[in-house]
Amino acid sequence: MPENGILLNVENLKMWFPITQGIVIQRHVGDIKAVDGISFFIRRGETLGLVGESGCGKSTTGRAILQLYRPTAGEVYFEGENLCKLKGEKLRRMRRKMQMIFQDPYASLNPRMTVGNIIGEPLEVHNILKGKALKERVQELLRVVGLNPYFINRYPHEFSGGQRQRIGVARALAVNPSFIICDEPISALDVSIQAQIINLLEELQEQFGLTYLFIAHDLSVVRHISDRVAVMYLGKIVELTDRDTLYNDPKHPYTQALLSAVPIPDPFVEEKRRRIILEGDVPSPANPPKGCNFNTRCPVVMDICRENEPEFKDIGGEHWVACFRV
Amino acid sequence: MAVAERTVRLETPVRKERSPWGDAWYQLTRNRVAVSSLVFISLLILVAIFAPVIAPYHFAEGSLEDNYAPPGDKYLLGADFMGRDILSRTLYGARVSMSVAIVASLVSLLVGLTVGVISGYVGGRVDNIIMRIVDIIYAYPFIVFVILMQVYFKALSRRGEAGGIAGAIIELDSKAGGMLFVFIAIGLVNWLQMARLARGQVLSYKEKEFVEAARSVGASGGRIIFRHLLPNIIGPLIVAETLQIPTYIFLEAFLSFIGLGVNPPTPSWGAMISEGFKGLRSYPHLIAAPAIALCLTTLAFNFLGDGLRDALDPRLRGTT
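Residue positions are counted from 1 within each chain, in the order its sequence is given. To label them, take the chains in the order written and letter them from A, then take the ligands in the order written and number them from 1. A pLDDT threshold of at least 70 governs which residues receive local features in this predicted model, and a stricter bar of 80 or more applies before side-chain atom pairs are shown or counted, although totals over entire chains, interfaces and linings include all residues.

Attention shifts here to the overall build of chain B. Secondary structure elements follow DSSP: runs of H or I of four or more residues count as helices, runs of E of two or more count as strands, with numbering from the N terminus. Assigned secondary structure in chain B consists of 12 helices and 0 strands. Ordered by position from the N terminus, the helices and strands of chain B form the series α-α-α-α-α-α-α-α-α-α-α-α. Counting only residues that meet the buried cut, chain B has 39% of its 320 residues in that class. Three exposure classes are used, based on other C-beta atoms lying within 10 Å of a residue's own C-beta, which is placed from the backbone: buried for 20 or more, exposed for 12 or fewer, and partly exposed in between.

Assigned secondary structure in chain A consists of 11 helices and 12 strands. Here the C-alpha atoms of chain A give a radius of gyration of 21 Å, agreeing with the 20 Å that 2.2 N^0.38 yields for 326 residues. Counting every position in chain A, which comprises 326 residues, the buried fraction comes to 42%. Computation of the radius of gyration draws on C-alpha atoms alone. For the globule rule, the value is 2.2 Å times the number of residues to the power 0.38.

Attention now goes to the sheet that holds strand β3 (residues 47-51) of chain A. Residues and elements named next belong to chain A. Spatially, β6-β7-β8-β3-β9-β10-β12-β11 is the arrangement adopted by the 8 strands of the open sheet, whose pairing is mixed. Both outer strands of the open sheet, β6 (98-101) and β11 (313-314), are each paired with one neighbouring strand and no more. Here 5 bridges tie β3 to strand β8 (residues 211-216), and the two strands are oriented parallel to one another. Within β8, the position partnered with G49 by the bridge is F214. Here, strands pair whenever DSSP counts at least two bridges between them.

Residue and element names in this part refer to chain A. Mapping G209 onto the fold places it in the loop between α6 (191-208) and β8. Take G209: there are 10 C-beta atoms within 10 Å of it, and that puts it in the exposed class. Residues G209 and N148, 61 residues apart in the sequence, show an inter-C-alpha distance of 24 Å.

So, about the pairing of strand β10 (residues 236-242) of chain A. All names here are of chain A. Across the 7 residues of β10, 6 count as buried, placing the element largely inside the fold. Inspection of the sheet shows strand β9 (residues 228-233) paired to β10 by 6 bridges, in the antiparallel sense. By the bridge assignment for β10, M232 is matched with I237. Taken together, β9 and the strand that follows it, β10, pair antiparallel across an intervening segment of 2 residues, in which L234 is found at a positive phi of about 50°. Pairing of β10 with strand β12 (residues 320-321), which is carried by 2 bridges, proceeds in the antiparallel orientation. Within β12, the position partnered with E239 by the bridge is V321.

Turning next to the environment of G276 of chain B. Residues and elements named next belong to chain B. Its place among the elements puts G276 in helix α11 (residues 269-277). G276 gets classed as buried once you count the C-beta atoms within 10 Å, which come to 23. For the pair G276 and I287, spaced 11 residues apart in sequence, the C-alpha to C-alpha distance is 5.3 Å. Those residues in contact with G276 that lie beyond four places of it in its chain are D80, L286 and I287. Note on contacts: residues are paired as contacts if their backbone-placed C-beta atoms lie within 7 Å.

Let's shift gears to the sheet that holds strand β4 (residues 73-78) of chain A. Residue and element names in this part refer to chain A. The sheet built from 4 strands is open, its strands ordered β2-β1-β4-β5 with antiparallel pairing. Looking at strand neighbours, the two that pair on one side only are β2 (27-43) and β5 (81-82), the edges of this open sheet. Strand direction decides the pairing type here: strand β1 (residues 6-21) and β2, joined by 13 bridges, are antiparallel. Bridge assignment links W16 to a residue of β2, and that residue is K33.

So, on to the interface of chain A and chain B. Across the contact, 29 residues belong to chain A and 27 residues belong to chain B. Elements represented by at least two residues in the side of chain A that touches chain B include exactly β6, α3 (115-125), α4 (131-144) and α6 of chain A. No other element matches α3 of chain A, which puts 3 residues into the side of chain A that touches chain B. As a working rule, the residues Ala, Val, Leu, Ile, Met, Phe, Trp, Tyr, Cys and Pro are called nonpolar, Asp, Glu, Lys and Arg charged, and the rest polar, with Gly in that last group. Tallied by class, residues from the side of chain A that touches chain B come to 13 nonpolar, 7 polar and 9 charged.

With 5 bridges connecting them, β1 of chain A and β4 of chain A associate as antiparallel partners. Opposite K14 of chain A, over in β4 of chain A, you have A73 of chain A as the bridge partner.

This part takes up the packing of helix α5 (residues 124-139) of chain B against helix α8 (residues 179-206) of chain B. All names here are of chain B. Axis lines are fitted to C-alpha atoms, over the contacting stretch for helices. Their N-to-C directions set the angle, which ranges from 0 to 180 degrees. Contact geometry for α5 and α8: axes closest at 10 Å, N-to-C directions at 145°. The two elements α5 and α8 meet at a crossing, and its hand is left-handed. Contacts from V134, I137 and Y138 in α5 reach L192, A195 and R196 in α8. Partitioning the contact of α5 with α8 into residue classes produces 5 nonpolar, no polar and 1 charged. The hand of a helix crossing depends on one turn: near helix anticlockwise from the far one by less than a right angle means left-handed, and clockwise means right-handed.

Let us look at the nonpolar core. Note on terminology: a nonpolar core is any set of buried Ala, Val, Leu, Ile, Met, Phe, Trp, Tyr and Cys residues joined through C-beta atoms within 7 Å. L141, A170, I180, C182, L213, F214 and V231 of chain A are the most contacted members of the largest nonpolar core, which has 90 residues in total. Apart from residues no more than four positions distant in its own chain, A170 of chain A is found in contact with I119, L141, L142, V144 and V145 of chain A. Listed in part, the 65 residues of the second largest apolar core include L77, L109, L113 and M179 of chain B.

Let's shift gears to the packing of α3 of chain A against helix α5 (residues 161-173) of chain A. All names here are of chain A. For the pair α3 and α5, the least separation of the axes is 7 Å and the interaxial angle reads 30°. Viewed along their axes, α3 and α5 adopt a mutual orientation that is roughly parallel. At the point where α3 passes α5, the crossing takes the right-handed sense. Of the residues in α5, those in contact with V115, I118, I119 and P122 of α3 are I167, A170 and R171. Among the residues forming the contact of α3 with α5, the class breakdown is 6 nonpolar, no polar and 1 charged. Any angle from 65 to 115 degrees is called roughly perpendicular, while one under 35 is roughly parallel, one over 145 is roughly antiparallel, and all others are oblique.

Residue and element names in this part refer to chain A. Examined against the element boundaries, Q67 turns out to sit in the loop between α1 (58-65) and β4. Sequence-wise, Q67 and R275 are 208 residues apart; in three dimensions their C-alpha atoms are separated by 38 Å. Excluding residues that lie within four positions of it along the chain, Q67 makes contacts with L83 and L91.

Further remarks concern unusual backbone geometry. Residues and elements named next belong to chain A. Positive phi, normally seen in glycine, also occurs at Q67, with a value near 65°. Among the residues examined, Q67 registers 20 C-beta atoms within 10 Å and is labelled buried. Look at L234: it is not a glycine, yet its phi comes out positive at around 50°. Along the polypeptide, L234 turns up in the loop between β9 and β10.

To continue, consider the confidence of the model for chain B. Residue and element names in this part refer to chain B. The predictor's confidence in any single residue is recorded as pLDDT, a number from 0 to 100. Mean pLDDT over chain B works out to 82, with 91% of the residues at or above the 70 mark. Averaged over each element, pLDDT in chain B is lowest for helix α7 (residues 164-175) (74) and highest for helix α2 (residues 32-49) (91). Across the predicted assembly, pTM comes out at 0.81 and ipTM at 0.84.

As structure tokens, this is what we get:
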């Protein structure tokens with residue numbers, strides 16, 4: 001059970017999407033195991049980075065935590081309450097405390113609504129503010145995310161990608177949440193804009209004491225913003241520890257390969273960098289390999305990896321690794 | 001507040017702010033053909049409403065000595081085989097065509113939109129069942145159905161046996177000059193296309209991130225449908241519906257032409273063409289006016305539909 005100071009505790013979360021066949025009568029023929037039994041916790045006020053390659057289940061994890069998808073199995077405790085068991089009005093009330101910032105700022109804002117309506121929607125939905133007070137709050141939020149309050153009556157198409165993402169951030173902040181899931185909030189932006197959004201997120205965290213789950217595939221960004229980092233591969237977390245340990249002393253061969261791919265902005269060091277090139281492709285999540293998920297591509301694979309699944313265990317100092325080599 | 005200090009101050013923009021709808025309206029007003037069509041249709045609606053005031057004669061009033069009178073001083077566009085003024089009958093005929101255009105399109109839009117949105121939004125088994133029902137109705141030969149319905153009700157009323165619901169329907173129909181069956185016939189068929197279109201639109205929009213954002217905020221299903229989905233999907237549906245209106249007008253003309261439409265002496269362009277068509281060689285002026293009116297009206301709706309499509313979805317401009 002969660003110890004003190006833990007805001008979110010995820011236990012053995014599974015999100016399987018059924019594969020069905022047939023037109024009228026649908027037969028269940030298998031599952032896409034997008035998230036297959038992951039456990040972690042996030043402390044109040046910290047940022048947990050979640051990295052992994054495309055399709056490994058990062059975004060699904062975020063959506064399953066927010067109950068946008070109903071998890072197949074497992075528990076999500078938020079402030080001690082099991083979100084998976086909540087329904088209807090109770091769940092709706094919990095949504096005030098957790099919000100999400102989306103990846104694509106072009107798809108996440110309704111093109112037919114004004115900025116004021118978009119940012120004010122959470123406040124309206126929860127009946128928090130109305131009329132003039134609502135408008136003032138929206139203007140304040142615009143100011144907080146560094147936009148001109150004058151923009152309130154404009155439509156999303158009048159803004160650039162970075163500005164749109166700021167609008168998305170303002171919407172997430174509207175109901176004063178304590179926890180925000182950032183689902184690759186910068187991967188759709190220009191590099192020059194990425195830093196602005198990252199800085200904004202950091203400032204807001206300081207200002208409002210926010211807790212982030214920061215989903216990304218850019219390792220250097222995650223290194224910059226996270227306190228702790230979890231590495232996902234094919235629906236499972238393979239390694240989870242604090243940032244410095246992960247980047248300086250990665251234990252899991254997948255983490256090592258991932259980190260070796262980061263270019264270093266120093267020509268002398270860069271020359272000595274040895275990349276671990278992984279062979280083959282990620283197996284299909286509909287049919288993951290037997291044993292360790294990573295055994296088909298692991299450079300240091302052993303026989304046991306093809307038979308048994310390694311346990312996700314703490315090797316000391318809150319450093320969890322799922323590998324027989326450790 | 002460290003962030004607030006960085007707020008970018010911009011000059012007050014001179015450009016007037018426009019909503020997506022305002023933008024579409026602006027685009028439409030710049031399209032000359034569409035605007036002329038809109039003006040023409042508006043005039044036609046006015047004609048339909050004020051037909052009794054404008055028309056020189058009543059549509060049923062005629063004198064047999066004037067039958068087949070050529071265009072002249074007494075009858076501007078001539079008179080038909082019963083000596084009725086063709087101009088007056090054409091003006092009154094606008095009533096039928098405009099009613100069909102408006103009622104049939106509203107009915108098919110409302111029914112189709114409701115069914116399509118429910119089907120697409122709920123999804124899963126409900127979607128499957130609704131769409132299969134739509135498929136089945138779609139496969140049914142529509143003309144056969146209309147003929148059977150008309151024959152059944154008309155036979156009942158002629159024998160004077162109609163009572164209960166059938167009697168009420170027949171009475172309503174005769175009050176509407178025989179238009180009710182035309183509405184029912186057209187409405188029954190055309191909501192299917194709208195339902196399919198609406199469902200497709202909902203399916204493509206409901207997975208968008210802004211809908212997900214609304215759900216993550218805790219918005220209810222109704223709010224998502226009315227605030228997020230409908231405003232985004234209504235544009236293509238209006239365009240499709242406008243482009244369907246000529247079909248409705250034609251369908252009414254066709255039904256009247258084969259004698260299943262409005263009851264005589266109610267004038268309908270289709271019925272007038274049917275009557276005049278028998279003497280086409282000797283008296284071509286009998287069908288000239290209704291035929292031209294029919295052509296211009298369908299053209300106007302087509303151009304308006306094209307204009308609306310260009311205005312609402314600029315990416316489709318220039319395509320057919």
